[in-house]
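Given next are the chains, with one letter for each unit.
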Number of protein chains: 2
Amino acid sequence: MDATAAKVIAGTMAYLNENYLKLQAGYLFPEIARRVREFCEANPEAAKRLIRCGIGDVTEPLPPAAVQAMKAAVDELSVRETFRGYGHEQGGDFLRSKIAQIDYRARGMEIADDEIFVSDGSKSDCGFILDILGDRNRIAITNPVYPVYVDTNVMAGHTGLPNESGQYEGIIYLPCRAENEFVPEPPNEHADVVYLCFPNNPTGAVATRAQLERWVSYAQEHKALLLYDAAYEGYISDPQIPRSIFEIPGGTECAVEFRSFSKTGGFTGVRCGFTVMTKRLLAQTADGRELPLHSLWHRRWSTKANSVSYPVQRGAEALYSEEGRAQVRGLIEHYMGNARVLSEAAKAAGMEVYGGKNAPYIWVRTPRGLTSWQMFDRMLQELNVVVTPGSGFGSEGEGYFRISAFNSRANAEEVARRLRGASFS
Amino acid sequence: MDATAAKVIAGTMAYLNENYLKLQAGYLFPEIARRVREFCEANPEAAKRLIRCGIGDVTEPLPPAAVQAMKAAVDELSVRETFRGYGHEQGGDFLRSKIAQIDYRARGMEIADDEIFVSDGSKSDCGFILDILGDRNRIAITNPVYPVYVDTNVMAGHTGLPNESGQYEGIIYLPCRAENEFVPEPPNEHADVVYLCFPNNPTGAVATRAQLERWVSYAQEHKALLLYDAAYEGYISDPQIPRSIFEIPGGTECAVEFRSFSKTGGFTGVRCGFTVMTKRLLAQTADGRELPLHSLWHRRWSTKANSVSYPVQRGAEALYSEEGRAQVRGLIEHYMGNARVLSEAAKAAGMEVYGGKNAPYIWVRTPRGLTSWQMFDRMLQELNVVVTPGSGFGSEGEGYFRISAFNSRANAEEVARRLRGASFS
């Protein structure tokens, strides 16, 4: 805003951020919660056999290593001699160094400790990152997509209004379809900022090394910034598939990576994640000066946060211990076992099934031309299973639904049983 | 941004948020940390007797009620039957209802449970609130002030550049001086949004009922929004002084209140706070429609957050139990005991002392015309005591320094002893 102009404007009431008024309906998951609540209230008997495979929320207990570390940290805070108050706004050194060393340097990626920024989860980070970016960027986002990327851009005023299919004016949408195996190629037009998420939420697709190389090439050619959401990287078992964008030569100069302990350590309620931003990542001013984003991001954290709860950070650190890593592997194997059971059942029911191999999400074509919400309602009413309607992730998600593998084995098997017996004619 | 215009701009590189480049030097506390680190490295002997009264960080262990509740919550998460994942993005009902009932309704203020928004601390909230406000607001901020209010407005593009005294173009500064007992009267000009903080950080001043009534009247007349930071309300012992802006008739229709468990429960490292926003609080669109801010704030939390760590919320809840409340009172009495010791010593050393009666901060005029940073350096070098230079809080803080009462009694008494023996001639 031009501050001089501001002086001339004498408002008669505080102004709200009108961009919020462009947002459509409720955020997806609250809307699902509302429909489920209404169904359960109207059908108390069916409610008893309800199984939730909707929101991607973990179900298994925390790894014992994290439990022990969190309790030990709380104990530290209960004694004057070991009490700690404010920590580094960007995260504790003890945690940042573990992340940088074990997740990156040990795998051949040059990431310094102070290039790790600890947060309360990658959902927050995906929104916060816009704080340090300018308003003139051309934004490209895959479709379907995790709704947070789009909605935070709408809130920040980077879009116009949505059209009939729910696409916002001003965003470049990258269609992800069965034809491209749900991994889009870089567009023919210029974008300044591109959101990518692999393993993908919601489709469960993963990007090959060659595909990611093409994205890094695009970013180099266009000097674009890749916002790479790797929250599900722990679910990749295929050794050919990159787990980080920084595995691709040049990636550290063109990408920010988002990661989370939500789906590895079962931290959806504990809250911890991080972003990785190298000091070599540049962006420009309107007059063309190229500056590192790192100092802006560092300043953002210094000014707007006081880091993550100390016991939580100690819990996250414990996931890097030998026991912690084994326990995380156990959790992932459990959920991927569910994914196999659910995928096979959906296939056996005659459905077209994607994902679920290197990702905890199964992406299923709705049978007989049902819309996503029709399928959601029928799964709820007939099978008493909550799924996520594909259209909630964008117009290209229409005609699909997502089954989450985050569940107990007993529930996954019961859902599989109901799916095999289902008929959506 | 006009989305149509955006299509015309074909940038050659991702743009950064240039408003960050307007920010001055480092954020205050990192700058203090840097000077202290350099001093300690150069003077290892003096470093051993260093006492920190700078950053307002608590020193005493967590209340046992919170420790017990946090550990019990971690135990809950360690067992499948009681495991919890994502909570309500706006905070757990168990905590929101306690806050609304005990802090507000029991004291005669009409606040509903869903008007409480739980966060990781009021520092974050003070920045986040700008997400839902428009860019055309005239912002008024006290001087001196907690730097976060100013810096987050600079980041959001609500200001021009700073002038020689560090004041940003576009902000209305409200001087707080000894003459007005550091409580400003409403200005003669129009403001849309006003930041107020009582008990004040850094001056330790409190606002009387009559003073707050004048601010609510101003807000009603100008349809202004008051952003009321009550992070230190627990330190008010004078029953005549309001602890909430909502105690003033009309306050619920013109103010947002920020509160924190940092200085009551000693949660600076645990991280929990909350905002209170009633559904009766309105703001306007550019074309003059008046809408509740509550739905925007609710949506912000749904989209950008997954609430606060579950064990942390249970720890905060425990501060409302009978034992928890007694333990919090004990902590506050401890720190206010320090405040008395430190105030008396500074007075005995011939200094002009403010605050420290209903607030954990003592605001002291520098002797003999020393600047704030000169006094900071001399306190560091001669007394080996870290204070906060007043000018770090704004131009009106020049000529003052802040002593924090957050310390052990032994340290407070030692600082008092050194102060009494000091000579800054």
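Bear in mind that the values here come from a model prediction, so they are computed numbers and not experimental data.

Scoring rules and cut-offs
Residues numbered from 1 in each chain as written. Chains lettered and ligands numbered in written order. Predicted model: local features only at pLDDT ≥ 70, side-chain atom pairs only at ≥ 80, totals over all residues. Heavy atoms only, no water. Axes fitted to C-alpha atoms, helices over the stretch in contact; angles between N-to-C directions. Helix = DSSP H or I, 4+ residues; strand = E, 2+ residues; numbered from the N terminus. Parallel < 35°, antiparallel > 145°, perpendicular 65-115°, else oblique. Left-handed = near helix turned anticlockwise from the far one by under 90°. Contact = heavy atoms within 4.5 Å. Nonpolar A, V, L, I, M, F, W, Y, C, P; charged D, E, K, R; others polar. Phe/Tyr/Trp six-rings, centres within 6.5 Å; stacked < 30°, edge-to-face > 60°. Lys NZ or Arg CZ within 6 Å of the ring centre and 35° of its normal. Buried < 20%, exposed > 50% of the residue type's maximum accessible area, 1.4 Å probe, protein only. Least-squares fit on C-alpha atoms with pLDDT ≥ 70 in both. Core = buried A, V, L, I, M, F, W, Y, C linked by side-chain atoms within 4.5 Å. Domains from an automatic or database assignment. Buried area = accessible area lost by both parts, 1.4 Å probe. Salt bridge = Lys/Arg side-chain N within 4 Å of Asp/Glu carboxyl O. Polar contact = N/O pair within 3.5 Å; in protein donor to acceptor, adjacent residues only side chain to side chain. Pairing = 2+ DSSP bridges. pLDDT = per-residue confidence, 0-100.

## A closer look at the packing of helix α5 (residues 93-104) of chain A against helix α10 (residues 310-318) of chain A
All names here are of chain A.
Part 1 of the argument: In the contact formed by α5 and α10, the axes pass within 9 Å of each other and the chain directions differ by 25°. One way to sum up the angle between α5 and α10 is to call them roughly parallel. At the point where α5 passes α10, the crossing takes the left-handed sense. On α10, the residues touching Phe94, Leu95 and Lys98 of α5 are Tyr310, Gln313, Arg314, Ala316 and Glu317.
Part 2 of the argument: Counted by class, the contact of α5 with α10 contains four nonpolar, one polar and three charged residues.

## Considering the packing of aromatic side chains
Part 1 of the argument: Under the definition given, this model contains 45 aromatic pairs over all chains.
Part 2 of the argument: Among the aromatic residues, those joined into a cluster by ring pairs are Phe117(A), Phe128(A), Trp297(A), Trp301(A), Phe117(B), Phe128(B), Trp297(B) and Trp301(B).
Part 3 of the argument: Note that Arg96(B) overlies the ring of Phe117(B), its terminal NZ or CZ placed 5.7 Å from the centroid.
Part 4 of the argument: Lying across the ring of Phe128(B), Arg300(B) places its NZ or CZ 4.0 Å from the centre.

## Things to note about helix α9 (residues 294-304) of chain B
Part 1 of the argument: Of all the 11 residues making up α9(B), nine are buried; the element is thus mostly covered by neighbouring parts of the structure.
Part 2 of the argument: Where α9(B) is concerned, the buried positions are His294(B), Leu296(B), Trp297(B), Arg299(B), Arg300(B), Trp301(B), Ser302(B), Thr303(B) and Lys304(B).
Part 3 of the argument: Considering only its buried residues, α9(B) is in contact with α6 (122-128) and α7 (147-155) of chain A together with β2 (116-119), α6 (122-128), β8 (273-276) and β10 (290-292) of chain B.

## Here's the deal with the relation of the copies chain B and chain A
Part 1 of the argument: Relative to chain A, chain B is turned by 180° and slid 0.0 Å along the rotation axis, the superposed coordinates differing by an RMSD of 0.0 Å. Both copies of the chain, as the preceding transformation shows, are related through a two-fold rotation axis. Taking C-alpha positions as reference, the residue of chain B nearest the rotation axis is Lys71(B), located at 2.8 Å.
Part 2 of the argument: The overlap is high: 100% of the interface residues of chain B also sit at the interface in chain A, so the same surface is used on both sides.

## Remarks on the nonpolar core
Part 1 of the argument: With 212 residues, the main nonpolar core has Leu226(A) and Leu226(B) as its most contacted residues.
Part 2 of the argument: In contact with Leu226(B), not counting residues within four places along its chain, are Val194(B), Leu196(B), Trp215(B), Val216(B), Ala219(B), Ile245(B), Cys254(B), Ala255(B) and Val256(B).
Part 3 of the argument: Among the nonpolar cores identified, the runner-up in size contains 76 residues, and Tyr146(A), Met155(A), Leu281(A) and Ala305(A) belong to it.

## Some words on the domain arrangement of chain A
Residues and elements named next belong to chain A.
Part 1 of the argument: Splitting chain A by domain gives domain 1 (19-61 + 323-420) and domain 2 (65-321).
Part 2 of the argument: Centre-to-centre separation of domain 1 and domain 2, based on C-alpha positions: 25 Å.
Part 3 of the argument: Counting residues at the interface gives 38 residues for domain 1 and 50 residues for domain 2.
Part 4 of the argument: Carbon and sulfur atoms supply 59% of the area that domain 1 and domain 2 bury against each other, a total of about 3,500 Å² over both sides.
Part 5 of the argument: Where domain 1 touches domain 2, the interface holds one salt bridge.
Part 6 of the argument: Close ionic contact of Glu396 with Arg177 constitutes a salt bridge, the shortest N to O distance being 2.6 Å.
Part 7 of the argument: Linking domain 1 to domain 2 there are 20 residue pairs in polar contact (both at pLDDT 80 or more).
Part 8 of the argument: Counting only elements with at least two residues in the side of domain 1 that touches domain 2, the list comes to α11 (322-348), β11 (353-355), β12 (361-365) and β15 (400-404).
Part 9 of the argument: With nine residues, the single largest contributor to the side of domain 1 that touches domain 2 is α11.
Part 10 of the argument: Counted by class, the side of domain 1 that touches domain 2 contains 18 nonpolar, 12 polar and eight charged residues.

## Looking at the interface of chain B and chain A
Part 1 of the argument: Each partner contributes residues to the interface: chain B has 103 residues there, and chain A has 103 residues.
Part 2 of the argument: In total, about 9,100 Å² of surface goes out of reach between chain B and chain A, with carbon and sulfur atoms giving 59% of it.
Part 3 of the argument: Inspection of the chain B/chain A interface yields eight salt bridges.
Part 4 of the argument: Linking Asp151(A) and Arg299(B) is a salt bridge whose minimum nitrogen-to-oxygen distance equals 3.1 Å.
Part 5 of the argument: Where chain B packs against chain A, one counts 40 residue pairs in polar contact (both at pLDDT 80 or more).
Part 6 of the argument: Counting residues per element, the ones that place at least two in the side of chain B that touches chain A are α1 (3-8), α4 (64-77), α6, α7 (147-155), β9 (282-284), β10, α9 and α10 (310-318) of chain B.
Part 7 of the argument: When its residues are assigned to classes, the side of chain B that touches chain A shows 44 nonpolar, 33 polar and 26 charged.

## Some words on the pairing of strand β2 (residues 116-119) of chain A
Residue and element names in this part refer to chain A.
Part 1 of the argument: Burial along β2 is two-sided: Ile116 and Val118 facing one way and Phe117 and Ser119 facing the other are all buried.
Part 2 of the argument: In this sheet, strand β8 (residues 273-276) lies alongside β2 in antiparallel orientation, the contact comprising four bridges. Paired with Val118 across the strands is Phe274, a residue of β8.

## A short note on the sheet that holds strand β7 (residues 255-260) of chain A
All names here are of chain A.
Part 1 of the argument: Here seven strands make up an open sheet; going across it, the order is β2-β8-β7-β6-β5-β3-β4 and the pairing mixed. Of all strands in the sheet, those bounded by a partner on one side alone are β2 and β4 (171-175). Looking at each pair of strands side by side, their axes are set apart by 20° on average, direction ignored.
Part 2 of the argument: Contacting β2, β7 and β8, α5 runs over the sheet at an angle of about 120° to β2.
Part 3 of the argument: Docked against the sheet, α7 engages β3 (139-143), β4, β5 (193-197) and β6 (225-229), running at close to 145° with respect to β3.

## Thoughts on the packing of helix α2 (residues 28-42) of chain A against helix α12 (residues 372-383) of chain A
Residues and elements named next belong to chain A.
Part 1 of the argument: Contact geometry for α2 and α12: axes closest at 11 Å, N-to-C directions at 40°. Put simply, α2 runs oblique to α12. For α2 against α12, the interelement crossing comes out right-handed. Listed contacts from α12 to Leu28, Glu31, Ile32, Arg35, Val36 and Phe39 of α2 are Trp373, Phe376, Asp377, Leu380 and Gln381.
Part 2 of the argument: Looking at the contact of α2 with α12 residue by residue, the class counts come to seven nonpolar, one polar and three charged.

## Quick word on the side chain of Ser309(A)
Part 1 of the argument: Note on placement: Ser309(A) falls in the loop between α9 (294-304) and α10.
Part 2 of the argument: Exposure remark for Ser309(A): the relative accessible area of 4% places this residue in the buried category.
Part 3 of the argument: There is a polar contact of 2.9 Å between the side chain of Ser309(A) and the backbone oxygen of Val270(B).

## Thoughts on the sheet that holds strand β15 (residues 400-404) of chain B
Note on sheets: strands pair through backbone hydrogen bonds, and any given pair is parallel or antiparallel.
All names here are of chain B.
Part 1 of the argument: With antiparallel pairing, the four strands of this open sheet are ordered in space as β11-β12-β15-β14. Since the sheet does not close on itself, it has two edges, and those belong to β11 (353-355) and β14 (388-389), each with one partner.
Part 2 of the argument: Where β14 and β15 come together, two bridges link them in antiparallel fashion. Bridged to Pro389 within β15 is Phe401.

## Focus on the confidence of the model for chain A
Residue and element names in this part refer to chain A.
Part 1 of the argument: On average, residues of chain A score 94 in pLDDT, and 96% of them reach the 70 mark or higher.
Part 2 of the argument: Note that residues 1-10 has pLDDT below 50 and, in this model, 19 contacts with residues that lie over four places away or in other chains.
Part 3 of the argument: Taken over the whole predicted complex, pTM reads 0.95, whereas the ipTM for its chain interfaces reads 0.95.

## Topic: unusual backbone geometry
Part 1 of the argument: The peptide bond linking Phe198(A) to Pro199(A) adopts the cis configuration, its omega dihedral lying at -10°.
Part 2 of the argument: Residue Asn201(A) is joined to Pro202(A) through a cis peptide bond whose omega torsion reads 20°.
Part 3 of the argument: In this structure, Pro202(A) sits in the loop between β5 and α8 (209-222).
Part 4 of the argument: In the Ramachandran plot, Glu181(B) falls in the positive-phi region, its phi being about 50° despite a non-glycine side chain.
Part 5 of the argument: For Glu181(B), the position within the fold is in the loop between β4 (171-175) and β5 (193-197).
Part 6 of the argument: The exposure class of Glu181(B) is exposed, given its relative accessible area of 62%.
Part 7 of the argument: Even without being glycine, Phe182(B) reaches a positive phi, approximately 65°.
Part 8 of the argument: In this structure, Phe182(B) sits in the loop between β4 and β5.

## A word on the side chain of Asp131(A)
Part 1 of the argument: In this fold, Asp131(A) is placed in the loop between α6 and β3.
Part 2 of the argument: For Asp131(A), a relative accessible area of 16% corresponds to the buried category.
Part 3 of the argument: Here the side chain of Asp131(A) touches Lys304(A) through a polar contact of 3.0 Å, side chain to side chain.
Part 4 of the argument: The contacts of Asp131(A), once residues within four sequence positions are left out, are Arg300(A), Lys304(A), Asn17(B) and Tyr20(B).

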